Amino acid sequence: MGDYDTFEGAQETAEKTFPIRAGEVKKGMTVLLKGFPCKVIEVTTSKTGKHGHAKANITGLDIFTGKKYQDISPTSHNMTAPFVHNNNYTLTDIAEDGFCSLMDDNGEIREDIKCPDESSPDAELGRNIKTALEAGDKDVTVIVTKAMESECITGFKLSNE
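The structure reproduced in this document is the subject of the present report. Keep in mind that this is a model prediction, so the values were computed, not measured. (Residues numbered from 1 in each chain as written. Predicted model: local features only at pLDDT ≥ 70, side-chain atom pairs only at ≥ 80, totals over all residues. Heavy atoms only, no water.)

### Considerations on the sheet that holds strand E3 (residues 36–45)
With antiparallel pairing, the four strands of this open sheet are ordered in space as E2-E3-E4-E5. The outermost strands of the open sheet, each flanked by one partner alone, are strand E2 (30–33) and strand E5 (68–74). Between one strand axis and the next, the sheet turns through 50° on average, direction left out of account. Note that strand E4 (residues 55–62) and E5 share seven bridges and pair antiparallel. Its bridge partner lying in E5, Thr59 is registered against Gln70. (Pairing = 2+ DSSP bridges. Helix = DSSP H or I, 4+ residues; strand = E, 2+ residues; numbered from the N terminus. Axes fitted to C-alpha atoms, helices over the stretch in contact; angles between N-to-C directions.)

### Observations concerning the environment of Ile143
In this fold, Ile143 is placed in strand E10 (residues 139–147). It is 29 Å that separates the C-alpha atoms of Ile143 and Ala22, two residues lying 121 residues apart in sequence. Ignoring sequence-local partners within four residues, the contact set of Ile143 consists of Asn86, Asn87, Asn88, Cys152, Ile153, Thr154, Gly155 and Phe156. (Contact = heavy atoms within 4.5 Å.)

### Quick word on unusual backbone geometry
Although it is not a glycine, Lys34 adopts a positive phi angle of roughly 55°. One can find Lys34 in the loop between E2 and E3. Phi angles above zero are rare outside glycine, and Met148 is one such case at about 55°.

### Observations regarding helix H2 (residues 123–135)
Spanning 13 residues, H2 covers 19 Å between terminal C-alpha atoms, matching the ideal 18 Å at 1.5 Å per step. Next to the buried residues of H2 lie strand E7 (84–94), E10 and strand E11 (150–159). Phi turns positive, to about 75°, at Gly136, one or two residues after H2. (Expected span 1.5 Å × (residues − 1).)

### So, the sheet that holds E10
Pairing is antiparallel in the open sheet, where five strands are placed in the order E9-E8-E7-E10-E11. What marks the edges here is a single partner per strand, and that holds for strand E9 (109–114) and E11. In this sheet, adjacent strand axes meet at a mean angle of 45° when their direction is disregarded. Pairing geometry for E7 and strand E8 (residues 99–103), over four bridges, is antiparallel. Within E8, the residue paired with Ile94 across the bridge is Cys100. On top of the sheet, H2 reaches E7, E10 and E11; it is set at about 45° to E11, its chief contact.

### Structural notes on the side chain of Thr75
Within the secondary structure, Thr75 sits in the loop between E5 and strand E6 (78–82). When residues no more than four places from it in sequence are discounted, the contact partners of Thr75 are Arg21, Ala22, Gly23, Thr45, Ala54, Lys55 and Ala56.

### A look at the packing of aromatic side chains
Counted under the stated rule, the structure contains two aromatic pairs. Arranged with centres 5.0 Å apart and planes meeting at 40°, the rings of Phe18 and Phe83 form a pair that is tilted. With Phe18 in strand E1 (residues 17–21) and Phe83 in the loop between E6 and E7, the pair connects residues that are 65 residues apart, well separated along the chain. For Phe18, a relative accessible area of 32% gives the class partly exposed. When its relative accessible area of 36% is taken as the criterion, Phe83 is described as partly exposed. (Phe/Tyr/Trp six-rings, centres within 6.5 Å; stacked < 30°, edge-to-face > 60°. Buried < 20%, exposed > 50% of the residue type's maximum accessible area, 1.4 Å probe, protein only.)

Distances and angles like these do not, on their own, reveal function.
Written as structure tokens, this is what we have:
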């Protein structure tokens, strides 16, 4: 039974990512750098050396924290890229503890995502969302980005319905 548990754990990570050759990574893609999902901002490749492998030097920003990560990999080797999903939710309320009441298109409510606050990488986004909600003249739709095990609010838009 222990082997089955190990297999199940490996499958959990596998369905959240897919392989991509380091030589095929381009600016704007999302890949795992040092284990974090990052949007690639720069890719440089070096010529083949005396050992025969060209290397790709990849720099990216974490999609959740904005922190910069860098990785070097032979262009012929595989890297891991996460599946990234963006979902839109209508924001109905922000509780005192900072958690948002979000409603999807089916009318399902979820209250497990915090609004970006002063300790978040994008504190201004949180302030803008709160201001838009308090104005009350338009519906506030937040964009929730999910990759690997993490999800957070990465943007918002206003609509008048």
